[in-house]
Amino acid sequence: MRISEKGERGAPGFDDPLGLLHACHERIEGHCATLVRLAAHVRIHGGDREAQAAAGRVHHYFAQAGRWHHEDEERDLAPLLQRHADSAWSAVVARLMSEHRALERAYAPLEPLLRALPMVPADLPIEPYVSLMRAHMAAENTVLLPRARAVLEASEIAALGRAMAARRGVRL
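Residues numbered from 1 in each chain as written. Predicted model: local features only at pLDDT ≥ 70, side-chain atom pairs only at ≥ 80, totals over all residues. Heavy atoms only, no water.

1. Focus: the overall build of the protein chain
Here is step 1 of the chain: Within the protein chain, the regular secondary structure consists of seven helices and zero strands.
Here is step 2 of the chain: Overall, the protein chain shows an N-to-C arrangement of helices and strands of α-α-α-α-α-α-α.
Here is step 3 of the chain: A globule of 172 residues ought to have a C-alpha radius of gyration of about 16 Å, and the protein chain, at 17 Å, matches this closely.
Here is step 4 of the chain: With the principal axes as the frame, the protein chain shows a C-alpha extent of 50 × 35 × 20 Å.
Here is step 5 of the chain: Across the protein chain, the fraction of contacts at a sequence separation of at least 24, relative to all contacts at a separation of at least 6, is 79%. (Helix = DSSP H or I, 4+ residues; strand = E, 2+ residues; numbered from the N terminus. Rg over C-alpha atoms; globule rule 2.2 N^0.38 Å. Contact = heavy atoms within 4.5 Å.)

And the structure:
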C-alpha cells in the first residue's frame, strides 16, 4: 500500500495570495487523504517505516505551513474582508476564523500519535479532524475566497501577498 501523497503542481506565488491560499487548501486535502491512507495502513502493517515517513510529512506540514495558513487568514485576510462587510458577512468571516480553533482541538489528540510512530494504537484517531478540515476548506473555497476576489482591491491583495511572504521569511 502506498501512503505517500500525490505530486504537487506549481503553486501560485505571493503576487496571487488568494490563489496561494486555494493551493494550500489543495495541499491540505492531499495531507488529509494521506491521513486516511495512513490510518488504513497502520491497522494492517502497524507503524512501519512507510507509516513513519508519511506521519512525519503530515505532521510537519500541519505544524508549520498549516499554522502559517491560519495566520494568513486570521491576521491578514479576515481584517481586509471585514472592511468590506455588512453584519451578515462579518458573521460568516468570524465563524470561519473560529473554526480554526475547533480544527486545532480536533488535531490535538492526533498530533502526538503522528510523532510517536511506530508506537501507536491500531486505530489512529483521524476523525473528526479530517471531516472538519474538509468541510472548512470547502466553505473557504466556495464562500471566503470568491468573496475576497470580488471585493478586495488590487492594493489590498498586494498587501496580503506581502504579509504572507513576510510570515514565511520571503523577501519580495
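And the narrative resumes.
2. Quick notes on the side chain of His25
Here is step 1 of the chain: Residue placement: His25 occurs in helix H1 (residues 17–45).
Here is step 2 of the chain: The exposure class assigned to His25 is buried, which follows from its relative accessible area of 2%.
Here is step 3 of the chain: In terms of polar contacts, His25 uses its side chain to reach the side chain of His69, at 3.0 Å.
Here is step 4 of the chain: Beyond its immediate stretch of four places on either side in the chain, His25 contacts His69, Glu73, Met137, Glu140, Asn141 and Leu145. (Buried < 20%, exposed > 50% of the residue type's maximum accessible area, 1.4 Å probe, protein only. Polar contact = N/O pair within 3.5 Å; in protein donor to acceptor, adjacent residues only side chain to side chain.)

3. A few points about the confidence of the model for the protein chain
Here is step 1 of the chain: Overall, the prediction assigns the protein chain a mean pLDDT of 92, with 94% of residues at 70 or greater.
Here is step 2 of the chain: This stretch, residues 4–8, has a pLDDT under 50; its non-local contacts, to residues over four places away or in other chains, come to nine contacts. (pLDDT = per-residue confidence, 0-100.)

4. A closer look at the nonpolar core
Here is step 1 of the chain: Formed by 28 residues in total, the largest nonpolar core has its most connected members in Leu35, Leu38, Phe62, Leu124 and Tyr129.
Here is step 2 of the chain: Elements supplying a minimum of two residues to this core: H1, helix H2 (49–63), helix H4 (87–107), helix H5 (111–116) and helix H6 (129–151).
Here is step 3 of the chain: If one sorts the elements of this core by residue count, H1 sits on top with seven residues.
Here is step 4 of the chain: Within the second largest apolar cluster, 21 residues are counted, among which are Leu21, Val93, Ala139 and Leu152. (Core = buried A, V, L, I, M, F, W, Y, C linked by side-chain atoms within 4.5 Å.)

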